[in-house]
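Residues per chain are reported as follows:
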Amino acid sequence: MNRNLINFIMLCMLCTGCASGGFQAAPSALSNPVQISGTNQDMVWERVVDTIHNYKFAIARENKLDGRIETDYKVGANLLEPWHGDSVGFDNRLESSLQSIRRRVFVSVTPVEGGYLLGVEAFKEIEDVPTQTSSAPGGATFLQDLSLRRDLNLVKQRSDTPGWIPLGRDPALEQDILDSLQVAFAN
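Small disclaimer: the values here were computed from a predicted structure and weren't measured.

Caption draft 1: Structural view of a nonpolar patch on the surface. The grouping of Phe90, Leu94 and Leu98 at the surface amounts to a nonpolar patch, some 300 Å² of accessible area in total. Of note, leucine 94 is situated in helix 3 (residues 90-98). Residue classification places leucine 94 among the partly exposed residues on the basis of a relative accessible area of 31%.

Caption draft 2: Inspection of the packing of aromatic side chains at higher detail. Tallied over the full model, the rule gives 1 aromatic pair. A centroid spacing of 5.8 Å and a plane angle of 75 degrees characterise the contact between phenylalanine 106 and phenylalanine 123, whose relative ring orientation is edge-to-face. Pair noted here: phenylalanine 106 is in strand 5 (residues 101-112) and phenylalanine 123 is in strand 6 (residues 115-128), with a separation of 17 residues, a long-range link. Looking at phenylalanine 123, the relative accessible area reads 30%, which means it is partly exposed. Above the face of the tyrosine 73 ring, arginine 102 is positioned so that its terminal group lies 3.7 Å from the ring centre.

Caption draft 3: Looking closely at the environment of isoleucine 165. Here isoleucine 165 is to be found in strand 7 (residues 163-169). Considering only alpha carbons, one finds isoleucine 165 and aspartate 128, 37 residues apart in sequence, at a separation of 6.1 Å. The residues touching isoleucine 165, leaving out its near neighbours within four places in the chain, are Lys124, Glu125, Ile126 and Asp128.

Caption draft 4: Geometry of the environment of glycine 38. Locating glycine 38 in the fold gives a position in the loop between strand 1 (34-37) and helix 2 (41-54). A C-alpha to C-alpha distance of 9.8 Å links glycine 38 and glutamate 113, two positions 75 residues apart in sequence. If sequence neighbours within four positions are ignored, glycine 38 has contacts with Val44, Gly114, Gly115 and Tyr116.

Caption draft 5: Fine view of the pairing of strand 6. Across 4 bridges, the pairing between strand 1 and strand 6 is antiparallel. By the bridge assignment, valine 34 is partnered in strand 6 with leucine 118. Taken together, the 12 bridges between strand 5 and strand 6 define a ladder with antiparallel strand orientation. Within strand 6, the residue paired with isoleucine 101 across the bridge is isoleucine 126. The hairpin formed by strand 5 and strand 6 contains 2 residues between the paired strands, and glycine 114 there has a positive phi angle of roughly 90 degrees. Judged from the 6 bridges that link them, strand 6 and strand 7 form a sheet pairing that is antiparallel. By the bridge assignment, glutamate 125 is partnered in strand 7 with proline 166.

The rules behind each value
Residues numbered from 1 in each chain as written. Predicted model: local features only at pLDDT ≥ 70, side-chain atom pairs only at ≥ 80, totals over all residues. Heavy atoms only, no water. Patch = residues over 30% accessible without salt bridge, like charges linked within 9 Å, V, L, I, M, F, W, Y side chains within 5 Å. Areas by Shrake-Rupley, 256 points an atom, 1.4 Å probe, with all protein chains shown as cover. Salt bridge = Lys/Arg side-chain N within 4 Å of Asp/Glu carboxyl O. Helix = DSSP H or I, 4+ residues; strand = E, 2+ residues; numbered from the N terminus. Buried < 20%, exposed > 50% of the residue type's maximum accessible area, 1.4 Å probe, protein only. Phe/Tyr/Trp six-rings, centres within 6.5 Å; stacked < 30°, edge-to-face > 60°. Lys NZ or Arg CZ within 6 Å of the ring centre and 35° of its normal. Contact = heavy atoms within 4.5 Å. Pairing = 2+ DSSP bridges.

Below is the structure:
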């Protein structure tokens, strides 16, 4: 009896540790944009880019004159990818595990007196999967028309590409990036 109880407690501790170990906690609420101190624009810019790269986002465009950094879309990390930081929290990771989610980040670097304002906007989209008419019974069969045709490929294929539905901003990712930026500039 005691041995079974000890095994049960060990199993509960193991499961609890695994369930909470690889996920990030909800970040504290920071104002967006945050002000950081710094005088060297190139150093500030490089730290911001390094922080974005830590989240595994690829930079699509960056313009120092406008103070704008734009990333490519990145497919959301699921429960089995704890090393990707774009899905913040268990709910976002579960959502990315069950549905195709992608995110894109925009960072603004604005010089102000005594430093810079760093603003982060993260946008989230869900894949719009249309109904598949080609997989319906009889959807990929030969046409019933008996007229002479020269087209030897009579099987019809889908020609439309799936789209994405915007879900708005992702405040959890924005706050996590802002927190990482403050940590990067605290040193």
